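# Fold and contact review
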Amino acid sequence: MADFDLVIRNGKVATAADVVTCDIGVAGERVVALAEDLGASEEDIDAAGKLVLPGGVDGHCHLDQVMSDGSRMADDFRSGTTAAACGGTTTVIPFACQIKGSSLREAVDDYHRRAEGKALIDYAFHLIISDPTEQVMGQELPALIRDGYTSFKIYMTYDDLKLNDREMLEVFACIGWLTERLETAGKTAPRYHATSRPPVVEREATHRAIALAELVDVPILIVHVSGEEAAAQIQAARERGLPIHGETCPHYLFLTAEDLDLDGFEGAKHICSPPPRDARNQEAVWRGLESGVFDIVSSDHAPFRYNDDKGKMVHGKGAPFAQVPNGIPGVETRLPLLFSEGVGKGRISLNRFVALTATNPARLFGLYPRKGTIAVGSDADLAIWDPERQVIITNDILHHNVDYTPYEGMKVQGWPETVLSRGTVVVDHGTVVGAEGGGRFLPCELPRPARPGDSRAVS
C-alpha cells in the first residue's frame, strides 16, 4: 500500500522563509511530509529543475460583483477562478458588496449563490459595507464576523459606495470637486482621469484613513497604493508603531499615466482608481516592495470588457472618464509579472515573492497556515513553476472573459505550469483539468489583536 496519495519529487521548494530541495508528500488533501526520497505513492510528479511554491492567495479581486451603473463584470466565479488557477493562484478573496438599502447578510447570501458550483479553487469573501445602518452594525456584522467573514472594505470614493461623514467620521471630497472642475472645462478624455486623482489626493486620503484608524484603535490595510506619497504615509505610521498595512497591485508597477492617453478611447482600458502614475512613482512602489512598506501584492482584478456596452463602453465610446467603469483585469498575470520583473531582475528575493503573494495575504485574512505556505498540515495548494520559461503575454493565451489585457505584448520569464488545489491537479502543463465546483468556501479565522491579520481594508 502506498504511503502517499501523491508525491512531488525533486523540486526546489520555496516558502516565505526557506528554499530547500525535497519531496512533498500529500495525503487527504494536505501536505503530510517534507523530506528527501519519500516512499511510494499512488501518483508522482517529477519537479526536477522546477520551483514548487505555495499556491498564490489573491487577497483583493472582484468577481461577478453587482454594479449600480448598468455595467457588468465579465468574469463569474467559473472564468475568474479558472484564470486565477492558470496564473498560479489557488485561493481568491473577492468581495460581497452590499448595495445601499439592502442588508449585508443578503449580500453574502447572494454571493454564495453566485459562487456555488462554479469555483475551480477555494475562496473566501471580504465584505463591502456601503450602508452601515443600526441593524447592519449592531446585528449583521457581528454575526457575520462570527461566521468567518472577518475582513471588510469601506470606500472613501465612489458616490454609490462611500460612507458619509457620520459613518466614517469624515469623508474625503477632493476627487468629486476635481472631477466637476475638469468636466466643466470639457476635459473628459480618459487621460484626465489621472488629473482628477493626483497623488496629493491619495496621500491625504491615506493620511486620513490612518488617523481615523488610530482614533478608534483598529488596524487597517491601505489597498491599491499607487505611489510614493501614500507609501510614505504608511511608512511614517509604522514608525510610530501603528498597525498599518499596505497593498499594491501590478498595474502600479507596469503601467503609467501615459497609458491613459492612448489614441481614441483606448486609454479607457487603463482607467482604475487610483490611476497609474509616472515612472518615478513606479520606482517608489518597487522600493516599497523591497523595503517592506507593502505587505501584499493583489491583482484588484476588475473584469470589464472594453468593446462592450456593459463594460468600459456602458455609457458609449468616448464617454467622459467619470462614466467609465473603473478597473483592470489581472488575476492571471499577477504572479508571472511580479516573478519575472521582481525575482528575475533581482528586485525582490524568491522568499519575498512568496510572502507578498501567498503567505502575507493568508496571514492578514485569517487563512494561515492552512493557506499560503508549504508545511505539514497545510492544504496541498501548490504551484510548480518553470523559472526559465519565457512567455509573451497576449489576451489570446489568458483564460479570463475580458477582451483585452493591459499587458499585451509584455515578455515575462517564469510561468506556473502545473497547479494543485488541495492535492488535486487543476492545471496540468497549462491545460485546465480541474472540475468547476471543486473550490470550497473558506471561513476566515478572527485574527488575534497582536497579529497583522486583524486588518480592515480601506480604499
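Model, not experiment: these values are computed from the prediction. (Residues numbered from 1 in each chain as written. Predicted model: local features only at pLDDT ≥ 70, side-chain atom pairs only at ≥ 80, totals over all residues. Heavy atoms only, no water.)

### So, the overall build of the protein chain
Looking only at helices and strands, one finds twelve helices and 18 strands in the protein chain. Here the C-alpha atoms of the protein chain give a radius of gyration of 21 Å, agreeing with the 23 Å that 2.2 N^0.38 yields for 459 residues. Referenced to the eigenvectors of the C-alpha coordinate spread, the extents of the protein chain come out at roughly 75 × 50 × 45 Å. Relative to its full complement of 459 residues, the protein chain shows a buried share of 60%. Of the contacts formed within the protein chain by residues at least 6 apart in sequence, a portion of 75% connects residues at least 24 apart. Put simply, the protein chain shows about 17800 Å² of open surface, and 47% of that area lies on carbon and sulfur atoms. Where the 45 positive side-chain charges of the protein chain centre and where its 66 negative ones centre are 4 Å apart. (Helix = DSSP H or I, 4+ residues; strand = E, 2+ residues; numbered from the N terminus. Rg over C-alpha atoms; globule rule 2.2 N^0.38 Å. Buried < 20%, exposed > 50% of the residue type's maximum accessible area, 1.4 Å probe, protein only. Contact = heavy atoms within 4.5 Å. Areas by Shrake-Rupley, 256 points an atom, 1.4 Å probe, with all protein chains shown as cover. Lys, Arg positive; Asp, Glu negative; His and termini not counted. Charge placed at Lys NZ, Arg CZ, Asp CG, Glu CD.)

### A closer look at unusual backbone geometry
For the peptide bond that leads from Ser273 to Pro274, omega is -5°, which places it in the cis range. Here Pro274 lies in the loop between helix H9 (251-254) and helix H10 (279-291). The step from Tyr368 to Pro369 runs through a cis peptide bond, and the omega angle for that step is 5°. Phi at Glu29 is positive, roughly 75°, even though this residue is not glycine. Tracing the backbone shows Glu29 in the loop between strand S2 (19-27) and strand S3 (30-35). In this structure, Asp64 takes a positive phi of about 50° despite not being glycine. Along the chain, Asp64 turns up in the loop between strand S6 (56-61) and helix H1 (77-86).

### Quick word on the pattern of salt bridges
Counted according to the given criterion, the structure contains 30 salt bridges. Close ionic contact of Arg240 with Glu214 constitutes a salt bridge, the shortest N to O distance being 3.1 Å. Of this pair, Arg240 sits in the loop between helix H8 (228-239) and strand S12 (244-248) while Glu214 sits in helix H7 (residues 199-216), placing them 26 residues apart in sequence. Salt bridges linked by common partners bring Glu29, Arg30, Asp122, Arg370, Lys371, Asp379, Asp381, Arg422 and Arg440 together as one network. (Salt bridge = Lys/Arg side-chain N within 4 Å of Asp/Glu carboxyl O.)

### Some points on the packing of aromatic side chains
All chains considered together, the criterion is met by 13 aromatic pairs. The cationic tip of Arg114 hangs over the ring face of Tyr111; the distance from NZ or CZ to the ring centre is 5.5 Å. Of note, Lys269 hangs over the ring of Tyr306, and the distance from its end group to the ring centre comes to 4.8 Å. (Phe/Tyr/Trp six-rings, centres within 6.5 Å; stacked < 30°, edge-to-face > 60°. Lys NZ or Arg CZ within 6 Å of the ring centre and 35° of its normal.)

### Describing the confidence of the model for the protein chain
Looking at the protein chain, the pLDDT average stands at 90 and 91% of residues meet or exceed 70. The low-confidence segment residues 158-175, where pLDDT is below 50, has 50 contacts with residues more than four positions distant or belonging to other chains. Segment residues 449-456: pLDDT under 50, and 26 contacts once partners within four positions in sequence are set aside and those in other chains are kept. (pLDDT = per-residue confidence, 0-100.)

### As for the nonpolar core
General note: in soluble globular proteins, nonpolar side chains tend to be found buried as a group. Core analysis: the largest hydrophobic core is formed by 79 residues, its most contacted members being Leu127, Leu289 and Phe353. If we skip the residues at most four places from it in the chain, Leu289 touches Thr248, Leu253, Phe294, Val297, Leu338, Ile348, Arg352 and Leu356. (Core = buried A, V, L, I, M, F, W, Y, C linked by side-chain atoms within 4.5 Å.)

### Section: the pairing of strand S7 (residues 89-97)
Where burial is concerned, most of S7 is hidden: nine out of the nine residues are buried. For the crossover that starts at S6, traverses H1 and ends in the parallel S7, the hand is right-handed. Across two bridges, S7 lies against strand S8 (residues 122-123) in parallel orientation. Bridge pairing in S8 links Val92 to Tyr123. Sheet topology note: the S7/strand S9 (residues 126-128) ladder contains three bridges and is parallel. Bridged to Ala96 within S9 is Leu127. (Right-handed = clockwise from strand over helix to strand, strands pointing away. Pairing = 2+ DSSP bridges.)

### Some remarks on helix H2 (residues 104-115)
Here H2 spans 17 Å end to end across twelve residues, near enough to the 16 Å set by a 1.5 Å rise per residue. Listing the buried residues of H2 in full gives Leu104, Ala107, Val108, Asp110, Tyr111 and Ala115. Mapping the buried residues of H2 onto a view down its axis gives an arc of 160°, with all of them on the same face. Considering only its buried residues, H2 is in contact with H1, S7, S8, S9 and helix H3 (134-146). For H2, the capping residue at the N-terminal end is Ser103, with a side-chain oxygen 2.9 Å from the backbone nitrogen of Glu106. One or two residues past the end of H2 sits Gly117, with phi positive at roughly 75°. (Expected span 1.5 Å × (residues − 1). Arc of directions from axis to C-beta. Polar contact = N/O pair within 3.5 Å; in protein donor to acceptor, adjacent residues only side chain to side chain.)

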